[in-house]
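Remarks on the overall topology
Residue-level listing of the chains:
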Amino acid sequence: MPFDEFVNWALYDPNIGYYRTRRKRVGKDASNDFYTSTSLGRVWGELILDASLKLLAKRPPSKFVFVEIGAEPETSILDGLKHPFAHHKVIRLGDKIEIPRNAIVYSNEWLDAQPFKRFKYDKKRGTWLELFVGLNDFKLVQIEKKTENPLVLSFPNPVNDGYLIDWPSGSISSLNELASNPSWFGVFMTFDYGLTRSCLFNDRPEGTARAYSKHKMLSELLSNPGEQDLTCHLCWDNLMESLELAGFKNVTLASQESFLMTHSHAQIKEIFEQNKTPMNNKMLALRELIHPAHLGHGLQALSAVRF
């Protein structure tokens, strides 16, 4: 099967899919597999709430629905927070993505949880090969095949033989479907890991795909399907183009630190004023969210508006 179909099966199969089975995936506990901004509690929700109001500018928040895509079961970033929005809608796995006419659409590491394809350059033949997944003696293996996929027409011929490109096809199609729907207006913001096309094509010869289990990054993508997370870096250029083609303005990519310092400045100031002790839990959470050595630089924010 094509590699993206394998990823889709390993992550979303109703019987064995990593995201389908009941388990605690996200959090700092040793039994979890990874953690992200949402793991840091209500501070993250307060910052996103503040950023939403800033991006709305002077538009009344009571006219907009806050839509959260991809939340973990029984969680939401606005849990326990008072908000000025007309409503708070949470879209979880299996829910149909329906966006109200006036909406603030938010997600955190939703797009990098979509299937991706793998391609490998064969320098001797001067061509790109597509990677598939098959069985050899009852063991899952990668199989290289010459491809007619039109995607490779946009790929350059690299210097390195065996150069790998993990192409985030699922994230691009998911955002295209969401953004190209002309029936909703408002704010879009998502937080994730990604790179430029140039970086994916020239600076990552081993690709960007990885697996996560128990807070360890693993390179064995075919091992234990359904028991580990599979992901790859997004391609920011394609996602920004998708938003622009759908009529979004002020399409901006920034580090999470820069985004929060720009759009959540009022809330950050309030946290500093109310929590004078550096070791206070709220201050520690804020530091982890914005410090370049933690989530502040690694995660990036893509935002845009359509009014």
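Cut-offs applied
Residues numbered from 1 in each chain as written. Predicted model: local features only at pLDDT ≥ 70, side-chain atom pairs only at ≥ 80, totals over all residues. Heavy atoms only, no water. Buried < 20%, exposed > 50% of the residue type's maximum accessible area, 1.4 Å probe, protein only. Helix = DSSP H or I, 4+ residues; strand = E, 2+ residues; numbered from the N terminus. Arc of directions from axis to C-beta. Polar contact = N/O pair within 3.5 Å; in protein donor to acceptor, adjacent residues only side chain to side chain. Contact = heavy atoms within 4.5 Å. Pairing = 2+ DSSP bridges. Axes fitted to C-alpha atoms, helices over the stretch in contact; angles between N-to-C directions. Parallel < 35°, antiparallel > 145°, perpendicular 65-115°, else oblique. Left-handed = near helix turned anticlockwise from the far one by under 90°. Nonpolar A, V, L, I, M, F, W, Y, C, P; charged D, E, K, R; others polar. Core = buried A, V, L, I, M, F, W, Y, C linked by side-chain atoms within 4.5 Å.

1. Some details on helix α6 (residues 256-263)
Buried residues of α6: Gln 256, Phe 259, Leu 260 and His 263, and no others. For α6, the arc enclosing every buried residue in end-on projection is 95°, short of the 170-degree limit, so these residues lie on one face.

2. Here we look at the side chain of His 233
The topology assignment puts His 233 in the loop between β12 (229-231) and β13 (234-235). Polar side-chain contacts of His 233 include one of 2.9 Å to the side chain of Arg 210. Discounting chain neighbours no more than four positions away, the residues touching His 233 are Pro 168, Tyr 193, Gly 194, Leu 195, Arg 204, Thr 208 and Arg 210.

3. Quick notes on the sheet that holds β12
With antiparallel pairing, the three strands of this open sheet are ordered in space as β11-β10-β12. Two strands in the sheet have a free side with no partner beyond their single neighbour: β11 (216-218) and β12. Going across the sheet, the axis of each strand differs from the next one's by a mean of 30°, ignoring polarity.

4. Quick look at the packing of helix α3 (residues 169-179) against helix α5 (residues 236-245)
Between α3 and α5, the shortest axis-to-axis distance is 9 Å and the interhelical angle comes to 15°. For the element pair α3 / α5, the angle class is roughly parallel. Two packed elements cross with a definite hand, and for α3 against α5 that hand is right-handed. Residues Ser 171, Ile 172, Leu 175, Asn 176 and Ala 179 of α3 lie in contact with α5, whose contacting residues are Asn 238, Leu 239, Ser 242 and Leu 243. Here the contact of α3 with α5 is built from residues that sort into five nonpolar, four polar and no charged.

5. Topic: the nonpolar core
Within the largest apolar cluster, 38 residues are counted, with the highest numbers of intra-cluster contacts made by Val 105, Trp 167, Leu 178, Phe 188, Leu 243 and Phe 248. Discounting chain neighbours no more than four positions away, the residues touching Leu 178 are Ile 69, Ile 97, Ile 99, Val 105, Trp 110, Trp 184 and Phe 188. Counting residues in hydrophobic clusters, the runner-up holds 30 residues, among them Leu 47, Phe 259, Ala 285 and Leu 289.

6. Side note on the sheet that holds strand β5 (residues 127-136)
Taken in spatial order, the four strands make up an open sheet running β6-β5-β4-β7, and their pairing is antiparallel. At either margin of the open sheet sits one strand with a lone partner, and together these are β6 (139-146) and β7 (164-167). Direction aside, neighbouring strands of the sheet carry axes that sit 35° apart on average. As defined by bridge partners, β5 adjoins β6 across eight bridges and the pair is classed as antiparallel. Bridge pairing in β6 links Val 133 to Gln 142. Set on the sheet, helix α1 (residues 3-12) makes contact with β4 (117-122), β5 and β6; between it and β5 the angle comes to about 45°.

7. A short note on the side chain of Glu 46
Among the structural elements, Glu 46 can be located in helix α2 (residues 42-56). By relative accessible area, Glu 46 is classed as buried at 11%. If we ignore the near neighbours within four places in the chain, the residues touching Glu 46 are Leu 81, Gln 267, Ile 271 and Lys 282.

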